[in-house]
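Coordinate analysis (summary)
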Amino acid sequence: MASPQTTVAPPLNADDLLTDERWQLVQRIISSPPFQKGTRLRDLLQYVTEQTIRGHAHELTEQHIGNALFHKPSDYSPLEDSSVRVHARQLRLKLHEYFNEDGRDESLILEIPKGAYAPAFRRVPKTIPPPPADLAPKVIPVESWRGQAMVPWAICAALAVLCVVLAYRTAPSGGLASTAVAAAAEPWPFSQLFDARHQTIIVVADSNYGMSRILASQSGSLEQYLRRDFLHSASASAGKDGPADSRLSEYISNSTLTSFADVADVVSLYKMAGPLQSQVSVRYPRDLRMRDLDHNNYIFIGSPASNPWVALLQDKLNFRESESVVGKSVKVFVNKNPLPGEQPEYEGLRWTGTQGEDYATISMLPNATHDGSVLALQGLQQEGTEAAGRFLADEENRRQLMSALGISAAHGASQNIWFEALIRSRTVSGAPNSTTLVAVRRIQ
């Protein structure tokens with residue numbers, strides 16, 4: 001019996017790709033404002049679209065994209081490195097933004113279904129035009145109606161007026177006011193972080209960066225971190241250049257790890273975002289670029305020792321993390337300008353996972369372009385970072401913070417307030433047990 005024949009599609013040449021309406025749509029998308037901040041999302045969209053048009057959609061797995069587009073090593077593990085998933089999630093948000101604004105008149109819609117990486121295209125149903133004016137229903141003059149026919153219509157009109165009056169009196173607000181109520185639904189200070197006009201990006205700590213600093217006894221800096229070779233060089237310099245040390249260095253430089261405290265804070269922040277959760281995304285600090293900080297709200301989790309982006313805020317703060325010898329001395333918050341009754345330094349736990357007291361700061365500042373807000377949750381250890389998130393999630397703690405800053409409820413809802421607060425947490429078995437507000441500052 002002859003074997004069945006397999007039909008192989010002929011290769012697609014460059015001209016065929018350029019004239020494909022799906023490819024032309026992608027070119028319009030990547031030329032729009034939402035895609036002008038970075039090249040990675042543009043490259044990802046073009047790559048998955050081209051592979052789909054060429055008939056290779058079935059090959060678009062997380063592993064494949066990581067190897068082919070993100071230049072990951074052949075044996076990298078998507079379970080440890082989530083950068084492909086993170087960028088796919090950001091791409092979905094940008095596509096949604098495009099088709100809601102610049103691309104709202106497109107006849108072809110591009111979507112990337114959740115859990116997949118191959119784009120899906122669908123046609124927009126054509127709208128039915130309104131009937132011509134000569135076919136519209138005629139309005140009969142009131143004078144031509146008989147008196148008997150007017151009775152039921154008059155009753156209906158009276159009932160309609162009554163319904164409108166009742167709705168107006170019982171509704172808390174109407175028209176544009178309802179939009180204002182929805183916008184102000186987030187409690188302070190989250191009302192400064194979650195809104196419909198901005199994306200809010202949560203940047204978690206890089207635990208590998210913290211480990212590399214300790215192994216190499218190097219303080220590190222944002223500039224070194226952005227060179228992308230710091231993790232590898234720092235971890236390699238700490239070892240003896242043996243096979244085990246080489247594998248450890250490779251693992252630290254290529255994997256993406258964060259702490260349980262960061263995960264707990266992210267969950268808490270998502271809950272506080274309420275109906276605006278679709279505006280929130282999570283980024284790993286290695287996937288961030290300097291220009292990304294423009295025109296968005298940001299939440300940085302972790303201190304400069306684990307999230308180097310927080311270093312951008314340090315010169316604006318009164319309470320600053322200090323560590324005399326990296327990995328060998330206890331970290332402290334230095335009180336730059338102590339007020340009466342305050343200590344010059346606040347010392348935290350020696351190591352995470354131990355019992356005692358740890359400290360954290362909660363800081364709110366304007367973003368780089370002064371059209372959004374930046375929140376920083378910095379703990380000397382993981383317990384302090386988790387305690388900062390717990391503190392803000394508690395309504396009574398927020399009221400206490402507002403009182404200490406001299407903010408009324410109306411004032412907090414009407415304008416942005418820039419501040420920093422120092423809190424103390426008591427920890428048991430590696431988890432914060434209680435939190436106390438220690439000191440506050442208003443930032444001008």
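Residues numbered from 1 in each chain as written. Predicted model: local features only at pLDDT ≥ 70, side-chain atom pairs only at ≥ 80, totals over all residues. Heavy atoms only, no water.

1. Some thoughts on the overall build of the protein
Put simply, the rule reads: Working definition: helices are DSSP H or I runs of at least four residues, strands are E runs of at least two. Numbering for both runs from the N terminus. Relative accessibility under 20% of the residue-type maximum defines a buried residue, over 50% an exposed one, and the middle range a partly exposed one, all with a 1.4 Å probe and only protein chains included. It only takes one pair of heavy atoms within 4.5 Å for two residues to be counted as in contact. Note on areas: Shrake-Rupley, 1.4 Å probe, and residue coverage restricted to the protein chains presented here.
What the protein contains, in helices and strands, is 15 helices and twelve strands. The 444 residues of the protein split such that 43% are buried. The long-range share in the protein, meaning contacts at least 24 apart out of those at least 6 apart in sequence, stands at 61%. As displayed, the protein has an accessible area near 24300 Å², and 57% of this comes from carbon and sulfur atoms.

2. Brief notes about the packing of helix α2 (residues 21-30) against helix α5 (residues 83-100)
Each pair of packed helices gets described by two things: the angle between the helix axes and the distance between those axes. This is how it is decided: Structural elements are reduced to axes, namely lines fitted to C-alpha atoms, with helices fitted over the stretch in contact, and the angle between N-to-C directions of any two is expressed from 0 to 180 degrees. Oblique is the label for every angle not falling under 35 degrees (roughly parallel), over 145 degrees (roughly antiparallel), or within 65 to 115 degrees (roughly perpendicular).
At a minimum axis distance of 11 Å, the contact between α2 and α5 shows a crossing angle of 90°. In terms of orientation, α2 and α5 fall into the roughly perpendicular class. Of the residues in α5, those in contact with L25, R28 and I29 of α2 are L95, Y98 and F99.

3. A word on the side chain of D358
Where we set the bar: When charges are counted, Lys and Arg are positive and Asp and Glu negative, with His and the chain ends excluded. By salt bridge we mean one thing: a side-chain nitrogen of Lys or Arg within 4 Å of a carboxyl oxygen of Asp or Glu.
Mapped onto the secondary structure, D358 falls in strand β9 (residues 356-366). Despite being buried, D358 has no salt bridge partner; K331 is the closest side chain of opposite charge, sitting 7.7 Å away. Ignoring anything within four residues of it in the chain, the contact list for D358 reads G348, L349, L380, Q381, E383, G384, I423, R424 and S425.

4. Remarks on helix α13 (residues 382-393)
The criterion, for reference: A helix is expected to reach a length of 1.5 Å times the quantity of its residues less one.
Taking 1.5 Å as the rise per residue, α13 with twelve residues should run 16 Å; its terminal C-alpha atoms sit 17 Å apart, in good agreement. Within the sequence span of α13, burial applies to E383, G384, T385, E386, A387, A388, G389, F391 and L392.

5. Digging into the packing of aromatic side chains
What describes a pair of aromatic rings is the distance from one ring centre to the other and the angle between the planes of the rings. Operational definition: Aromatic pairs are defined between Phe, Tyr and Trp rings, using the six-membered ring for Trp, whenever the two ring centres lie within 6.5 Å; interplanar angles under 30 degrees are classed as stacked, those over 60 as edge-to-face, and all others as tilted. Only when the NZ of Lys or the CZ of Arg is both within 6 Å of the ring centre and within 35 degrees of the ring normal is a charge said to sit over the ring.
In total, this model carries six aromatic pairs according to the counting rule given. For the ring pair F190 and F194, a centre distance of 6.0 Å and an interplane angle of 10° mean the geometry is stacked. We classify F190 as buried; its relative accessible area is 1%. Residue F194 is classed as buried on the basis of its relative accessible area, which comes to 1%. Residues Y298 and F300 carry aromatic rings whose centres are separated by 5.8 Å and whose planes lie at 20° to one another, so their mutual orientation is stacked. The cationic tip of R22 hangs over the ring face of F121; the distance from NZ or CZ to the ring centre is 6.0 Å. Sitting over the face of the ring of F70, R40 holds its NZ or CZ atom 4.4 Å from the ring centroid.

6. A closer look at the sheet that holds strand β8 (residues 345-347)
For sheets, the rule is that strands pair by backbone hydrogen bonds, running either parallel or antiparallel. Formally: Here, any two strands with at least 2 DSSP bridges between them count as paired.
Sheet architecture is open: three strands sit in the order β6-β7-β8, paired in antiparallel fashion. One side of each edge strand has no neighbouring strand; the edge strands of this open sheet are β6 (319-322) and β8. Strand-to-strand twist of the sheet, defined as the mean angle between neighbouring strand axes without regard to direction, takes the value 25°. Of the pairings in the sheet, the one linking strand β7 (residues 332-335) to β8 comprises three bridges and is antiparallel in character. Looking at β8, one finds that V332 is bridged to E347.

7. Examining the environment of K336
Along the polypeptide, K336 turns up in the loop between β7 and β8. Taking the relative accessible area as the measure of exposure, K336 reaches 49% and is therefore partly exposed. Placed 19 residues apart in sequence, K336 and L317 show a C-alpha to C-alpha distance of 8.5 Å. If near-sequence neighbours (up to four positions away) are discounted, K336 is found in contact with N318 and R320.

8. Considering the sheet that holds strand β10 (residues 373-379)
If you trace the seven strands from one edge of the open sheet to the other, you get β4-β3-β5-β10-β9-β11-β12, paired in mixed fashion. Every other strand in the sheet has two partners, leaving β4 (280-283) and β12 (431-442) as the edge strands with one partner each. In this sheet, neighbouring strand axes are inclined to one another by 15° on average, regardless of whether the strands run parallel or antiparallel. Both β9 and strand β11 (residues 419-428) contribute to a ladder of nine bridges, which runs antiparallel. In the sheet register, M364 faces β11, and the bridge partner there is F419. Against the sheet, helix α14 (residues 395-405) touches β11 and β12, its axis set at about 20° to β12.

9. Thoughts on the side chain of N367
Topologically, N367 is positioned in the loop between β9 and β10. Residue contacts for N367: discarding those within four places in its chain leaves L293, H295, N296, G372, S373 and V374.

10. Digging into the nonpolar core
Side chains of a nonpolar character, in soluble globular proteins, are inclined to be buried together. Put simply, the test is: Each nonpolar core is a collection of buried residues, namely Ala, Val, Leu, Ile, Met, Phe, Trp, Tyr and Cys, held together in the definition by side-chain atoms within 4.5 Å.
Of all hydrophobic cores here, the largest spans 53 residues; its most connected members are F194, F300, I362 and L401. With 27 residues, the next largest nonpolar core counts L44, L45, Y47 and F99 among its residues.

11. Digging into the environment of F300
With respect to the helices and strands, the residue F300 is situated in strand β5 (residues 297-301). Along the primary structure F300 and P285 are separated by 15 residues, whereas in three dimensions their C-alpha atoms are 9.2 Å apart.

12. Examining a nonpolar patch on the surface
Rule in force here: Residues form patches when they are more than 30% accessible in relative terms and have no salt bridge. Like charges link within 9 Å. Nonpolar side chains (Val, Leu, Ile, Met, Phe, Trp, Tyr) link within 5 Å.
Taken together, the side chains of M211, L215 and L248 define a hydrophobic patch exposed on the protein surface, amounting to about 240 Å² of accessible area. Here L215 lies in helix α8 (residues 207-216).

13. Some points on the packing of helix α3 (residues 39-53) against α5
Counted only if it meets this: In the scheme used here, Gly and all other residues not listed as nonpolar or charged are polar, with Ala, Val, Leu, Ile, Met, Phe, Trp, Tyr, Cys and Pro taken as nonpolar and Asp, Glu, Lys and Arg as charged.
In the contact formed by α3 and α5, the axes pass within 10 Å of each other and the chain directions differ by 85°. Taken as axis vectors, α3 and α5 run roughly perpendicular relative to one another. Note on element contacts: α5 touches α3 through H87, A88, Q90, L91, K94 and L95, opposite R40, L41, L44 and L45. Across the contact of α3 with α5, the residue classes break down as six nonpolar, two polar and two charged.

14. Examining the pattern of salt bridges
For the structure on display, the rule yields 19 salt bridges. The salt bridge partner of E111 is R122, with a shortest N-O separation of 3.2 Å. Separated by eleven residues along the polypeptide, E111 in strand β1 (residues 108-111) and R122 in strand β2 (residues 120-123) bring together distant segments of the chain. The exposure class of E111 is partly exposed, given its relative accessible area of 36%. E386 is the partner of R390 in a salt bridge, and the nearest nitrogen-oxygen pair spans 3.2 Å. Taken as a pair, R390 and E386 lie in helix α13 at a separation of four residues, close to a single helical turn. Here R390 falls in the partly exposed class, since its relative accessible area comes to 44%. Classification of E386 as buried rests on a relative accessible area of 7%.

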